[in-house]
Structures are given as structure tokens and as C-alpha cells.
Amino acid sequence: MARCFGGCVIMRAQPLAQAADLFRHVSAEKAAFYRCIMDVFAAAKRQYRLQLRPDEVLAEASWPNGRPAVEEVNAALAQLGAWGNLESQPDTARVSSLSDFYRARFLYRLSQAGEAVEAALAAFLATLNRRAELQTVALEDIASRLQALDQLAAAGADSVDVAKMHETLRDLVRVFEGLAENAQAFMAGVARSIELQQADATAVVAYKRRLIEYLERFMGDLVRRSDRIAGLLRALSSPIDPLLRRVAEREARDAAPGDEDRQDETTRRYEAWRERWRGLCGWFLPTGEERPQAELLRAKARAAIPALLGAIATLNDRRSGRSDRSADFRVLAGWFAFCPDDAAAHRLARCAFALNPARHFVLNSAADEDLPPSTRWIDAPPLTVSPRLREYGEMAPRGPLPKIRDRSAERAVLARQLEEEARQVGAARRRLATGVPTRLSQIGTLDGPGFGLFLGLLGELLAEQSNPDETVERLTADGLLRVRLEPLGGDSHAELVTPNGVFGGRDHVLTIALVEETA
């Protein structure tokens, strides 16, 4: 309903009951039939067609159960009109006689509320079917927008080009919102895909390869660009507040008149920009004790790879029969059949089903300590069960509660150990990640941390090989190193001296480089 005041048309919001009627055709008994009709009107709206006749709807719709009668279409159109999805008016263009004039003929079009329902359903289906993605291009766009802001901020808040600043900030927010939404949807979709594809062996193997390559590429780009983005954010931390205020003032000038004055509107818009900026900083800069969201995303992306590998391991176990309980029971039945006597069968049953004496339920410890584990319950003295244990399922010891132990010394020791381990791993990484192709036989001696890093990298590379003569190259799971392994002749040999002994095998050419250096 609309009312006119001084030439302005003000639309009243429809009551809740009428708004609910607009969606009744989705859950009605003939929902598919109604949706076919509404799809025809939605297509006509896209084609700029104003009205449709029932015979046009009958001809253009894709009916699920064959072409219906025109009377059935007329009844459905009338019902959609009663619900508010369609509007109708008499069709007088085809009247050629008085009887035709008195016969009910109508033209139908989408109502304003019906258009809103179709837009809502289209947005719902688009969101439901959207394939989220980890946008490496968005990281590059964010870095370029921040660099442009840094250049604009160098002019100062008083002489800055506010229009250009406003445009750059809008682009930055748009790109960042898309990155955050897609990243969240992608990680949720990865978990669902891993669960849904466990039954299809071919799909799991193909999906595993694509997913790992996709995640490795994104993690490498995230590692390379996060430091640059964080540096730009730190550089903009001081001059950004007056620039955001200037942008808010520019936006407030275009605000429609309302109850708030210009100063309140500027303050509100300034706080909104401040909130967006804090969200952007929280993605790439630590806030207090919380890690940046980009680091959390990287951790979730890394965790998706072991989850997928676990799904593949489960599938391989199912293929090989190792997790088939019925097969295990058949094998066990064969073992029982070959037992020479009942005593051997009883021993096998105790081993197979853990049917051992259970004299480990201790309440009267003084009395139980002298009883051997093989004592039968009927031969042992009775146990006194506390009423508190029977009523609450627990029996708290008497006396005061134990004091909370101060473990600050142990935490300090663990922190020093972790710091020392990180230092050793960093030193080993600096020694091995030279970016220069090196034969394994030329490495010589490795210390403990260096040998541990070497074994981890070697294990990742060998797992990628389909045959021993294949050259493989990949990013490490943390996205920091790019490693390439090229086998040499079959008669070649290499030995590495380690604190645990000599490690030997076929010689290879190993190239380890930091991702930042290869970018």
C-alpha cells in the first residue's frame, strides 16, 4: 500500500503474514509446478516483457511431468495472484464478441513483492552453489591498494587528494571483504568435500592432487605477501586516522537529511571506517596475544592437507581389507578351527577379546594389595563401596584441596628449549636453503637438527615420486621452502655423516630455496 504526501510516494511495509504468503508456493503441494510458472515470469522480466497470457506461460514453461491443461495453468496463476506473487488485469485485446467480453481472460505480470521473492531465491541459490576460492590475486590487489594509500598519505592530511583516497579505500574494502568471505567459505567447503568424497576412490585421488597444489600455491603467495602487507599497514598506522576522518567528511556531505546533524553523521561514518581498518589490520598484524587471521588461515590450509591424506589412508585401508571387521573375524574363526584342544581355544579367546582377570578395581587398597590378580571375585573378601561413589559416581578424598602447583619454572624451561630448537632449525635451514643445486654426496656432515630437517624434506619429496627415476619439485608443508630432487644414475651413491651414524643411499641433486628468493 502507498500513500502520497506532497508528491512523494511512501511505500508501507507489508504485514508479516502477507510477506510469508509470498513464499508459500515454494513449500506448497505443487511447488515444482508453481516454480515452473514463476521461472517463466522471471525470464520475461529479464527480457523486458511486461505481461504474459496463460497460453504463453503454457508454451514457454519447462513442465516436469508433461504439458498440463490450460485450465490447470489458469488455476495456478490465480493462486499465485492470491498469494501476491503476480498481478493481473483483464485481457481485452482478444475480445471479438460479447461472449468473449464476459469470459474471464487475464494478463499476468510479476508484482513488486514477487520480484523481491525471485531476487531473494536467485541470491539464495547463487550463494548455495558458489564455489569459494582462496584468492591469491586479492592479496596482490590489497598490497597495491595499500601502497597507493601510502603514497597518498605522504602528501599529508591537509593536502591529500580526498577523492582519490576515498576511491582507493573503497576498492581496498571491497577486495578485502571478498578475500575474507571466500576464505571462510573455502575452508568450510574443503572439510565437507573431504567427508563427501571418501567413498569415491577416483574422486579422492584426483581431488587430493588438485587441492594440495592449490593450497601450496596459496600458502606460498600468502607467506610472500603477508610481510609486505603488514609493513605497509604499520607504515600507515600513524597517518591513517586524519585521512579516514577526511574521507568520512566527504561521505557525510552526500548523506540524505535526517535527524542527525552533519557532525554526528561524520563521526558515525568515521567510526565505521575505523572499524573496517581495524579488521584489515587484524588479518595481517597480531592484536595482543591473538595471532593474525592470515596466519590462522594458513594453519587451517595446512591442516586440510593431512585431513585429506587421512581420508586417502582410510580409503586405502578399506581397499586392502585391513579395516574390514568381517574379514578379521573370518581369519579368527580359522584360528579357532586349528586349535588342538579347548584350553588352546580359551587362551586364544583371552588374547583376542582381552578376557583377562579384572582385579584392578581398587577401593580397599590395603586388602587388595595382598590378593593376586587371578583371584576370583567369589573367593575374594567383599569390597566396601562408599555411598558417595554410588550416588555421584566419584569419591573425593578427605582433607583440604591440593594447592595449585606453580609451574612457571617448567614453562620457562620449555620456552628456552623451544627457543633453542627454533634457533637450531633456523641455522639448519640457512645452511641447506642456499638455492644452489647440491649433490647429496657433497653435503658431508649434518648435525642433529640439520639431519632432521633433511629427512623431513626428503620424505616429502619421495612421497611425491611415482618411480625412483622421476624428478620432483614442490613446496614444503609450511610454504617456506621450495625443494627439488633430481635422481642421478642408478649406480651412484651418497653418504651423510650424522650424530646417529652414516646415512647412505642413491645420490641425488637437491635444490632447496626460500620461497621469498624464488618469488
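Look above for the structure.
Figured I'd write up the structure that's included with this text.

Attention now goes to the overall build of the protein chain. Scanning the protein chain from N- to C-terminus turns up 20 helices and ten strands. In the protein chain, the share of contacts with a sequence separation of at least 24, taken over all contacts with a separation of at least 6, comes to 62%. Entry remark: accessible area of the protein chain is about 33200 Å², with carbon and sulfur atoms responsible for 53%.

This part covers helix H11 (residues 240–253). Between the first and last C-alpha of H11 there are 20 Å, a value that for 14 residues agrees with the 20 Å anticipated at 1.5 Å per step. Burial in H11 covers these residues: Ile240, Leu243, Leu244, Val247, Ala248, Glu251 and Ala252.

A word on the pairing of strand E10 (residues 508–514). A regular strand places its side chains on the two faces of the sheet in alternate fashion. Counting buried positions along E10 yields six of seven residues, so the element is predominantly enclosed. In the sheet, strand E5 (residues 438–439) pairs with E10 via two bridges, with the strands oriented antiparallel. Directly across from Arg439, in E10, lies its bridge partner Val509. The pairing of strand E7 (residues 481–487) with E10 spans seven bridges and is antiparallel. Across the sheet, the residue bridging to Pro487 is His508, located in E10.

Right, let's get into the sheet that holds E7. Whether parallel or antiparallel, the strands of a sheet pair through hydrogen bonds between backbone atoms. Sheet architecture is open: four strands sit in the order E5-E10-E7-E6, paired in antiparallel fashion. Taken across any chain shown, the strands that pair with only one partner, and hence form the sheet edges, are E5 and strand E6 (472–475). Two strands pair when backbone bridges link them, and E6 and E7 are joined in this way by four bridges, in the antiparallel orientation. Bridge pairing in E7 places Arg474 opposite Val483.

A separate point is the packing of aromatic side chains. Evaluation of the coordinates by the stated rule reveals eight aromatic pairs. With a centroid separation of 5.3 Å and an interplanar angle of 75 degrees, the aromatic rings of Tyr34 and Trp83 are classed as edge-to-face. Here Tyr34 is found in helix H3 (residues 31–46), whereas its partner Trp83 is found in helix H5 (residues 70–83), with 49 residues between them in sequence. As far as the burial class goes, Tyr34 and Trp83 line up, both buried. Ring centres 5.6 Å apart and planes at 65 degrees place the aromatic pair Phe451 and Phe503 in the edge-to-face group. Taken together, the residues Phe451 in helix H19 (residues 448–464) and Phe503 in strand E9 (residues 501–505) connect sequence positions 52 residues apart. Under the relative-accessibility criterion, Phe451 is labelled buried at 12%. The lysine or arginine in question, Arg245, covers the ring of Tyr270, its NZ or CZ lying 4.1 Å from the ring centre. Cation over ring: Arg276 sits above Trp273, and NZ or CZ is 4.5 Å from the ring centre.

Moving on to the nonpolar core. Of all hydrophobic cores here, the largest spans 40 residues; its most connected members are Leu146, Leu233, Trp277 and Phe284. Every element with two or more residues in this core is listed here: helix H8 (136–153), helix H9 (162–196), helix H10 (201–236), H11, helix H12 (262–284) and helix H13 (293–320). In contact with Phe284, other than residues within four places in its own chain, are Leu139, Phe176, Ser226, Ile229, Ala230, Leu233, Pro292 and Ala294. Within the second largest apolar cluster, 21 residues are counted, among which are Met38, Phe41, Trp63 and Trp83.

Attention now goes to helix H18 (residues 408–432). Given a rise of 1.5 Å per residue, 25 residues ought to cover 36 Å, and the 36 Å separating the end C-alpha atoms of H18 matches this to within 8%. Among the residues of H18, those classed as buried are Gly426, Ala428 and Leu432.

This paragraph deals with the side chain of Ser111. Of note, Ser111 is situated in the loop between strand E4 (106–110) and helix H7 (112–128). Here Ser111 is in contact with Gly84, Asn85, Leu86 and Glu87, once residues within four sequence places are set aside.

The next subject is the environment of Gln79. Its location among the elements puts Gln79 in helix H5. The spatial distance from the C-alpha of Gln79 to the C-alpha of His25 is 9.0 Å, given a sequence separation of 54 residues.

A few words on the packing of H3 against H5. For the pair H3 and H5, the least separation of the axes is 10 Å and the interaxial angle reads 75 degrees. With respect to their mutual orientation, H3 and H5 come out roughly perpendicular. Residue-level inspection shows Phe33, Tyr34, Ile37, Met38 and Phe41 of H3 in contact with H5, the latter providing Glu72, Val73, Ala76, Leu77, Gln79, Leu80 and Trp83. Grouping the amino acids of the contact of H3 with H5 by side-chain chemistry returns ten nonpolar, one polar and one charged.

Backbone geometry places Tyr48, a non-glycine residue, at a positive phi of 65 degrees. Residue placement: Tyr48 occurs in the loop between H3 and helix H4 (54–60).

What follows deals with the pattern of salt bridges. Tallied over the entire structure, the rule returns 20 salt bridges. Salt-bridge contacts for Arg423 lead to Glu420; the nearest nitrogen and oxygen are separated by 2.4 Å. On the criterion of helical spacing, the pair formed by Arg423 and Glu420 is a turn pair, its members being three residues apart in helix H18. Using a relative accessible area of 47% as the deciding quantity, one classes Arg423 as partly exposed. Through salt bridges with shared partners, a single ionic network connects Glu251, Glu265, Arg268 and Arg269.

Right, let's get into the packing of helix H14 (residues 325–337) against helix H15 (residues 342–353). Running from N to C, H14 and H15 point in directions that differ by 155 degrees, and their axes come no closer than 10 Å. By the angle class used here, H14 and H15 are roughly antiparallel. Remark: the crossing between H14 and H15 carries right-handed chirality. Every residue of H15 that contacts H14 at Phe329, Leu332, Trp335 and Phe336 is listed here: Ala345, Leu348, Ala349, Ala352 and Phe353. Considered class by class, the residues forming the contact of H14 with H15 number nine nonpolar, no polar and no charged.

Definitions and cut-offs
Residues numbered from 1 in each chain as written. Predicted model: local features only at pLDDT ≥ 70, side-chain atom pairs only at ≥ 80, totals over all residues. Heavy atoms only, no water. Helix = DSSP H or I, 4+ residues; strand = E, 2+ residues; numbered from the N terminus. Contact = heavy atoms within 4.5 Å. Areas by Shrake-Rupley, 256 points an atom, 1.4 Å probe, with all protein chains shown as cover. Expected span 1.5 Å × (residues − 1). Buried < 20%, exposed > 50% of the residue type's maximum accessible area, 1.4 Å probe, protein only. Pairing = 2+ DSSP bridges. Phe/Tyr/Trp six-rings, centres within 6.5 Å; stacked < 30°, edge-to-face > 60°. Lys NZ or Arg CZ within 6 Å of the ring centre and 35° of its normal. Core = buried A, V, L, I, M, F, W, Y, C linked by side-chain atoms within 4.5 Å. Axes fitted to C-alpha atoms, helices over the stretch in contact; angles between N-to-C directions. Parallel < 35°, antiparallel > 145°, perpendicular 65-115°, else oblique. Nonpolar A, V, L, I, M, F, W, Y, C, P; charged D, E, K, R; others polar. Salt bridge = Lys/Arg side-chain N within 4 Å of Asp/Glu carboxyl O. Left-handed = near helix turned anticlockwise from the far one by under 90°.

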